[in-house]
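Next come the chains, spelled out residue by residue.
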Amino acid sequence: GNIPLFPNARFHIQDDELRFVTGRAMCQGFVRQPFEAEHVAQMVHRTFDERVQFHDGESELAPGITLHKVGGHTKGLQVVRVRTRRGFVVLASDAAHLYANMERNQPFPIVVDIAQYLEAFTTIRRLASSDAHIVPGHDPLVLARYPLAREGLAGVVRLDAEPRNSD
């Protein structure tokens, strides 16, 4: 979702992801439940607008920024590894919705492949400089653990800064 909020963006997606959300798996109501047809159509339109770059596995976007396909939650789920001044930070996206998913080694309930989802934890830990360098995709604790990017800019934090106490 939210694709229209980025009218000039170039989108990076794994081949398996678009193949999955436009393929026969979407004929099953349970499988397609977390997806919105309009969001999928928007990405297809961006493809026709030549604003999508496809990847198959690991890719370097720029020096110090790499994409890594992990799958699990969806067929083409990817995480982003970013070299920062404090080390390699991994933006785990939906590979770890919450800190608790990784801490307890328990997947989020919406999973296409449980074995891949759990293996993604191993990959994320290998890519990150430490567990303190892993940022889950949907945990509100991220906003509490990291300092604000700038005073008065609520909801935007500095992931290149050391996190506060993780309790």
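Before any of the text, the structure's been laid out above.
First things first, this report covers the structure right here in the doc. As the structure is a prediction and not an experimental result, all values here were calculated from the model.

Reading guide: rules and limits
- Residues numbered from 1 in each chain as written.
- Predicted model: local features only at pLDDT ≥ 70, side-chain atom pairs only at ≥ 80, totals over all residues.
- Heavy atoms only, no water.
- Helix = DSSP H or I, 4+ residues; strand = E, 2+ residues; numbered from the N terminus.
- Rg over C-alpha atoms; globule rule 2.2 N^0.38 Å.
- Buried < 20%, exposed > 50% of the residue type's maximum accessible area, 1.4 Å probe, protein only.
- Contact = heavy atoms within 4.5 Å.
- Areas by Shrake-Rupley, 256 points an atom, 1.4 Å probe, with all protein chains shown as cover.
- Core = buried A, V, L, I, M, F, W, Y, C linked by side-chain atoms within 4.5 Å.
- Phe/Tyr/Trp six-rings, centres within 6.5 Å; stacked < 30°, edge-to-face > 60°.
- Lys NZ or Arg CZ within 6 Å of the ring centre and 35° of its normal.
- Polar contact = N/O pair within 3.5 Å; in protein donor to acceptor, adjacent residues only side chain to side chain.
- Expected span 1.5 Å × (residues − 1).
- Salt bridge = Lys/Arg side-chain N within 4 Å of Asp/Glu carboxyl O.

### As for the overall build of the chain
Turning to step 1, where the next piece is worked out: When its secondary structure is counted, the chain shows six helices and seven strands.
Turning to step 2, where the next piece is worked out: Ordered by position in the sequence, the α and β elements of the chain form the string β-α-α-α-β-β-β-β-β-α-α-β-α.
Turning to step 3, where the next piece is worked out: Its C-alpha atoms give the chain a radius of gyration of 16 Å, within 12% of the compact-globule value 15 Å for 167 residues.
Turning to step 4, where the next piece is worked out: Taken along the three principal axes of its C-alpha coordinates, the chain extends 45 × 35 × 30 Å.
Turning to step 5, where the next piece is worked out: Looking at the 167 residues of the chain, the share that counts as buried comes to 37%.
Turning to step 6, where the next piece is worked out: Of all intrachain contacts in the chain linking residues separated by at least 6 positions in sequence, the fraction that spans at least 24 positions is 51%.
Turning to step 7, where the next piece is worked out: Total accessible area on the chain stands at roughly 10000 Å², and carbon and sulfur atoms take up 53% of it.

### A look at the nonpolar core
Turning to step 1, where the next piece is worked out: Grouped together as the largest cluster of nonpolar side chains are 15 residues, with contacts concentrated most on Val70, Val79, Val90, Ala95, Met102, Ile124 and Ile134.
Turning to step 2, where the next piece is worked out: Of all the elements in the fold, those that place two or more residues in this core are β6 (87–93) and α5 (114–127).
Turning to step 3, where the next piece is worked out: With five residues, α5 is the largest single contributor of residues to this core.
Turning to step 4, where the next piece is worked out: If sequence neighbours within four positions are ignored, Met102 has contacts with Ala96, Phe121, Ile124, Arg125 and Ile134.
Turning to step 5, where the next piece is worked out: Membership of the second largest hydrophobic core comes to ten residues, among which are Val21, Met26, Val40 and Met43.

### A word on the packing of aromatic side chains
Turning to step 1, where the next piece is worked out: What the rule picks out here adds up to two aromatic pairs.
Turning to step 2, where the next piece is worked out: Arranged with centres 5.9 Å apart and planes meeting at 70 degrees, the rings of Phe20 and Phe35 form a pair that is edge-to-face. Of this pair, Phe20 sits in helix α1 (residues 15–21) while Phe35 sits in the loop between α2 (29–32) and α3 (37–48), and the two are 15 residues apart along the sequence.
Turning to step 3, where the next piece is worked out: The interplanar angle of 80 degrees and the centroid separation of 5.4 Å between the aromatic rings of Tyr117 and Phe121 together place this pair among those described as edge-to-face. One end of the pair is Tyr117 and the other is Phe121, both in helix α5 and four residues apart, which spans about a single turn. Of the two residues, Tyr117 and Phe121, neither departs from the other in class, the shared state being buried.
Turning to step 4, where the next piece is worked out: The lysine or arginine in question, Arg145, covers the ring of Tyr99, its NZ or CZ lying 3.8 Å from the ring centre.

### With respect to the side chain of Ser59
Turning to step 1, where the next piece is worked out: Following the sequence through the fold, Ser59 ends up in strand β3 (residues 59–62).
Turning to step 2, where the next piece is worked out: At 2.7 Å, the side chain of Ser59 and the side chain of His55 are in polar contact.
Turning to step 3, where the next piece is worked out: When near neighbours in sequence (up to four residues on either side) are disregarded, Ser59 contacts Ile65, Thr66 and Leu67.

### Let's talk about α5
Note on helix geometry: an α-helix contains 3.6 residues per turn, so any two residues three or four positions apart are oriented the same way.
Turning to step 1, where the next piece is worked out: Along its 14 residues, α5 runs 20 Å from first to last C-alpha, staying within 8% of the 20 Å computed at 1.5 Å per residue.
Turning to step 2, where the next piece is worked out: Buried within α5 are the following residues: Tyr117, Ala120, Phe121, Thr123, Ile124 and Leu127.
Turning to step 3, where the next piece is worked out: Where α5 begins, the capping side chain belongs to Asp113, and its oxygen is found 3.1 Å from the backbone nitrogen of Ala115.

### Here's the deal with the pattern of salt bridges
Turning to step 1, where the next piece is worked out: Overall, the coordinates contain five salt bridges when judged by the stated rule.
Turning to step 2, where the next piece is worked out: Linking Asp16 and Arg19 is a salt bridge whose minimum nitrogen-to-oxygen distance equals 2.4 Å. Of this pair, Asp16 and Arg19 both sit in helix α1, three residues apart, roughly one helical turn.
Turning to step 3, where the next piece is worked out: A salt bridge links Asp160 to Arg85, with the nearest nitrogen and oxygen atoms 3.3 Å apart. Here Arg85 lies in the loop between β5 (78–84) and β6 and Asp160 lies in the segment after α6 (141–145), a separation of 75 residues in the sequence.

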